[in-house]
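Below, each chain spelled out in residue letters.
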Amino acid sequence: MKPLRCAVIGVGYLGKFHAQKYARIPGCELVAVVDSRQEVAEAIAQPLGCRAVTDYRELLGQVDAVSIVVPTQAHYDVCIEFLKAGVHVLVEKPMTTTLAQADELISLADQKGLVLAVGHLERFNPAALALEPLLADPRFIDSSRLAPFKPRATDVSVLLDLMIHDVDLILSLVDSEVESVDCSGARVLTNDIDIANARIRFANGCVANVTASRVSSKSERKMRVFQSKACHSLDFQARTLNTYRGAADPMAAPENAIERQEQAFGEADPLYSEIVDFVDSIRQQRQPKVTGRAGRRALEAVQRITEATRLIS
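Residues numbered from 1 in each chain as written. Predicted model: local features only at pLDDT ≥ 70, side-chain atom pairs only at ≥ 80, totals over all residues. Heavy atoms only, no water.

Trainee: Is there a simple way to explain the nonpolar core in this structure?
Mentor: If you look at soluble globular proteins, the nonpolar side chains tend to sit buried side by side. Ranked by size, the top nonpolar core spans 38 residues in total, and within it Met-163, Ile-200, Phe-202, Met-223 and Ile-305 carry the most contacts. Residue assignment for this core shows that the elements contributing at least two residues are α5 (126-131), α6 (158-173), β8 (178-186), β9 (195-202), β10 (207-213), β11 (220-227) and α8 (292-308). Beyond its immediate sequence surroundings of up to four residues, Phe-202 is in contact with Ile-170, Leu-171, Val-174, Ser-176, Glu-177, Val-178, Glu-179 and Ala-208. In this structure, Ala-7, Phe-82, Leu-83 and Leu-116 belong to the second largest nonpolar core, which totals 33 residues. (Core = buried A, V, L, I, M, F, W, Y, C linked by side-chain atoms within 4.5 Å. Buried < 20%, exposed > 50% of the residue type's maximum accessible area, 1.4 Å probe, protein only. Helix = DSSP H or I, 4+ residues; strand = E, 2+ residues; numbered from the N terminus. Contact = heavy atoms within 4.5 Å.)

Trainee: Explain the sheet that holds strand β13 (residues 240-246) to me, please; I cannot follow it from the model alone.
Mentor: Paired through backbone hydrogen bonds, the strands of a sheet run either parallel or antiparallel to each other. The strand order across the open sheet built from nine strands is β14-β13-β12-β11-β7-β10-β9-β8-β15, with neighbouring strands paired in mixed fashion. Unpaired on one side and paired on the other, β14 (258-264) and β15 (309-311) mark the two borders of the sheet. Averaged over neighbouring strand pairs, the angle between their axes works out to 10° when direction is ignored. Across the face of the sheet, α8 comes into contact with β8, β9 and β15 while running at roughly 55° to β8. (Pairing = 2+ DSSP bridges. Axes fitted to C-alpha atoms, helices over the stretch in contact; angles between N-to-C directions.)

Trainee: Can you walk me through the packing of α6 against α8 in this structure?
Mentor: Describing two packed helices takes the angle between their axes plus the distance from one axis to the other. Packing of α6 against α8 brings their axes to within 9 Å, and their N-to-C directions diverge by 120°. Here α6 lies oblique to α8, going by the angle between them. The two elements α6 and α8 cross, and the hand of that crossing is right-handed. Seen from α6, the contacting residues are Leu-159, Leu-160, Met-163, Ile-164, Val-167, Asp-168 and Leu-171; seen from α8, they are Ala-294, Arg-297, Ala-298, Leu-299, Ala-301, Val-302, Ile-305 and Thr-306. A class-by-class count of the residues in the contact of α6 with α8 yields twelve nonpolar, one polar and two charged. (Parallel < 35°, antiparallel > 145°, perpendicular 65-115°, else oblique. Left-handed = near helix turned anticlockwise from the far one by under 90°. Nonpolar A, V, L, I, M, F, W, Y, C, P; charged D, E, K, R; others polar.)

Trainee: Just to check I follow, could you spell out the sheet that holds strand β5 (residues 88-92) for this structure?
Mentor: Here we have six strands laid out as an open sheet, ordered β3-β2-β1-β4-β5-β6, and parallel in their pairing. Edge strands, defined here as strands with exactly one partner in the open sheet, are β3 (51-53) and β6 (116-119). Adjacent strand axes in the sheet meet at a mean angle of 20°, parallel and antiparallel pairs treated alike. Here helix α3 (residues 75-84) sits on the sheet and contacts β1 (4-9), β4 (65-68) and β5; the angle it forms with β5, its principal contact strand, is near 170°. Strand contacts of helix α7 (residues 270-284): β1, β2 (28-34), β4, β5 and β6, with the helix running at about 155° to β5, the strand carrying the most contacts.

Trainee: What is the right way to read the pairing of strand β12 (residues 230-235) from this model?
Mentor: Looking down a regular strand, the side chains alternate between one sheet face and the other. Among the six residues in β12, five count as buried, and that is most of the element. From the end of β11 to the start of β12, which pair antiparallel, there are two residues, and Lys-229 there has a positive phi angle of about 65°. When β12 meets β13, the two strands line up antiparallel, connected through six bridges. Looking across to β13, one finds that Ser-233 is bridged to Asn-242. Between β12 and β13, which pair antiparallel in sequence order, lie four residues; one of them, Arg-239, sits at a positive phi of approximately 55°.

Trainee: I keep staring at the packing of aromatic side chains and nothing clicks. Help me out?
Mentor: A full pass over the atoms with the stated rule returns three aromatic pairs. Geometrically, the ring pair formed by Tyr-13 and Phe-17 is edge-to-face, given 5.5 Å between the ring centres and 85° between the ring planes. The partly exposed category is assigned to Tyr-13, whose relative accessible area is 49%. Above the face of the Tyr-272 ring, Arg-24 is positioned so that its terminal group lies 4.2 Å from the ring centre. (Phe/Tyr/Trp six-rings, centres within 6.5 Å; stacked < 30°, edge-to-face > 60°. Lys NZ or Arg CZ within 6 Å of the ring centre and 35° of its normal.)

The structure is reproduced here in structure tokens:
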């Protein structure tokens, strides 16, 4: 099979990991890494044995697929160039800054028969993957995503930085349209929202309570999903999934009234799995796990949440 010529556009904190994953995937040739800072590009390229480039336009016509890991405000401009050139694209979340931009990228990818994938990493967490076959009409979801403050992630609000992970996952779990949203948030260390709590109501009656903070003293990524006769508790950091169900015997003693199933997953590499899925979707001519339309839906929901946010002074 002809090698898939790949490149990573933007090799800052996250982009360098994208480059390392492509270098490991059989059948992929990491052609180049791109960064506006020559010394950064060279530092990543040298150990991986690929070119260091400062202008991504140099690669148009020379690659088959790219990861775009530049700041959010530049996603559209870079994506549109590669899609026009017939290149498959994996773009980090949020996919664009506006829905109109997202629509244009999706339409262009469809016209050209290209894969447009969006980097919602939590979909590839083994705990989330294990939850999928256990779901049966979720009725209530509670999630919390807390992180210590990191200056590098402040180009967008905590809604687009952290909450969008859980919003995307929740939208994939609930087979219904969003009916209404409500949110309260506060600025703490930046000029944008740093901590927020949103309540999402779906047309089928399901409700999701979503909390996100980037000014916490600890790191936490947890979700509980309640459905008829079962509760699923996920810890994305520990990679565990615990399921609680009512005992099969209605006359069971109180201490045996709840049956618990524990699943623990060892070391995992969700980013590698995400990029493998992207590569496989190109080779197999299928949709990736997180499509452009899924990325747009998450962006639309977070934009609605942002518009509904009442700031707490």
